[in-house]
Amino acid sequence: MRSHHFAATIAAGAFALTAQAAIAQPLVSSDWLRSHLNDPKVVVLDLRPAAQYAAGHIPGAVGADYEKSGWRAVTQDGAGGALPPIDRISAVIGNFGVADDSHAVIVGDDFGAMARVYWTFKVLGHQAVSVLDGGWDGWRANPADKVATAPVQPRHVTFAAHYDPSIRAELSEVEKAVATGSETLVDARPPAQWNGTAKAPVVKTLGHLPGAVWVDQTEALQSGAKLKSKSDLKKLFAKVGDGKAVTYCNTGHLAATDWFVLSEVLNKQNTKMYDGSMSQWAADGSRPVVVETP
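Criteria and thresholds
- Residues numbered from 1 in each chain as written.
- Predicted model: local features only at pLDDT ≥ 70, side-chain atom pairs only at ≥ 80, totals over all residues.
- Heavy atoms only, no water.
- Core = buried A, V, L, I, M, F, W, Y, C linked by side-chain atoms within 4.5 Å.
- Buried < 20%, exposed > 50% of the residue type's maximum accessible area, 1.4 Å probe, protein only.
- Helix = DSSP H or I, 4+ residues; strand = E, 2+ residues; numbered from the N terminus.
- Phe/Tyr/Trp six-rings, centres within 6.5 Å; stacked < 30°, edge-to-face > 60°.
- Salt bridge = Lys/Arg side-chain N within 4 Å of Asp/Glu carboxyl O.

Draft legend 1. The arrangement of the nonpolar core in detail. By size, the foremost hydrophobic cluster in this structure holds 50 residues, and its most contacted members are Leu45, Trp71, Ile106 and Phe121. Taken together, the elements giving at least two residues each to this core come down to β2 (42–46), α4 (86–95), β4 (103–107), α5 (111–123), β5 (129–132) and α10 (254–265). Considering each element in turn, this core owes the most residues, nine residues, to α5.

Structure (structure tokens):
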């Protein structure tokens, strides 16, 4: 009898996890979040710098500073913002109070940062994650949305990652794509970096990946951290085509916006992000790059 009860408990837990994952939309509205703030399974992660978080945040939100909390890692092969080792990033997430059955809602003032953390949850196999549509500014735009200043101390929990490589492109795959054209490479950087007239300090070489197409991630945004309409995004990303695609930038930050649009908004499921990006690629001077000529 006890074994039957135990099996039923496990089945119920699995069902709850499946149900929660099923209702987690990529983007949630301020109205949705306001109605779920008292749900103990919803964990709001505020990616803004600590000083901004302290000045005012969504009630119950946990400060999870994007730049200083360990969301990304510098690696010996040159990558300036790679996915950290799985055990390390899992500990970061667990320390923010996100458990296996939590629904994480990502808030910030930079869509690239929000999309990158969203991608991190997805690549770790956690499906119950959403981005707050419009980010912090979207929350503040509604007078009904309250603001708190007292810091939230998260309850440290265990977060179990289930690594999913299907949305992550590593260096060997990108090398193959450059050599064979097997996947469309999508550059999300500003025009000067795409053209090769300027570069980010973390990247050693001017230029872009051979064969890449360019979709500046800022063109996907209405303003601040809010995406344009789905119809506008479909037109913007039409050049990517229907085949496999890999988004990249300098450190896997700006590329997260293009990945989010393609994969989560336009439902192009065969899209990956190259988190090593140009910082890793250009660390080896023998790898080819293209500089556009006027």
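Draft legend 2. Structural context of the packing of aromatic side chains. Tallying each qualifying case throughout the model produces seven aromatic pairs. Taken together, a centroid distance of 5.8 Å and an interplanar angle of 25° make the contact between tryptophan 71 and phenylalanine 96 stacked. Here phenylalanine 96 lies in the loop between α4 and β4 and tryptophan 71 lies in the loop between β3 (62–63) and α4, a separation of 25 residues in the sequence. Take tryptophan 71: its relative accessible area is 1%, and that puts it in the buried class. Between phenylalanine 111 and phenylalanine 260, the ring centres sit 5.3 Å apart and the planes meet at 80°, which makes this aromatic pair edge-to-face. Residue phenylalanine 111 is found in helix α5, and its partner phenylalanine 260 is found in helix α10; the two are separated by 149 residues along the sequence. As far as burial versus exposure is concerned, phenylalanine 111 and phenylalanine 260 are alike and both buried. By way of ring pairs, the aromatic residues Trp71, Phe96, Phe121 and Phe159 are connected into one cluster.

Draft legend 3. Representation of the pattern of salt bridges. The full count for this structure, using the stated rule, is 10 salt bridges. Between arginine 34 and aspartate 145 there is a salt bridge; the shortest N-O distance is 2.6 Å. Of this pair, arginine 34 sits in helix α2 (residues 30–36) while aspartate 145 sits in the loop between α6 (135–140) and α7 (171–180); the two residues are 111 residues apart in sequence, bridging distant segments of the chain. Looking at arginine 34, the relative accessible area reads 29%, which means it is partly exposed. Assessed through its relative accessible area of 3%, aspartate 145 is described here as buried. In this structure, the salt-bridge partner of aspartate 101 is lysine 41, at a minimum N-O distance of 2.3 Å. Of this pair, aspartate 101 sits in the loop between α4 and β4 while lysine 41 sits in the loop between α2 and β2, placing them 60 residues apart in sequence. Among the residues examined, lysine 41 registers a relative accessible area of 36% and is labelled partly exposed. Taken together, the shared-partner salt bridges in this structure form one network comprising Asp31, Arg34 and Asp145.

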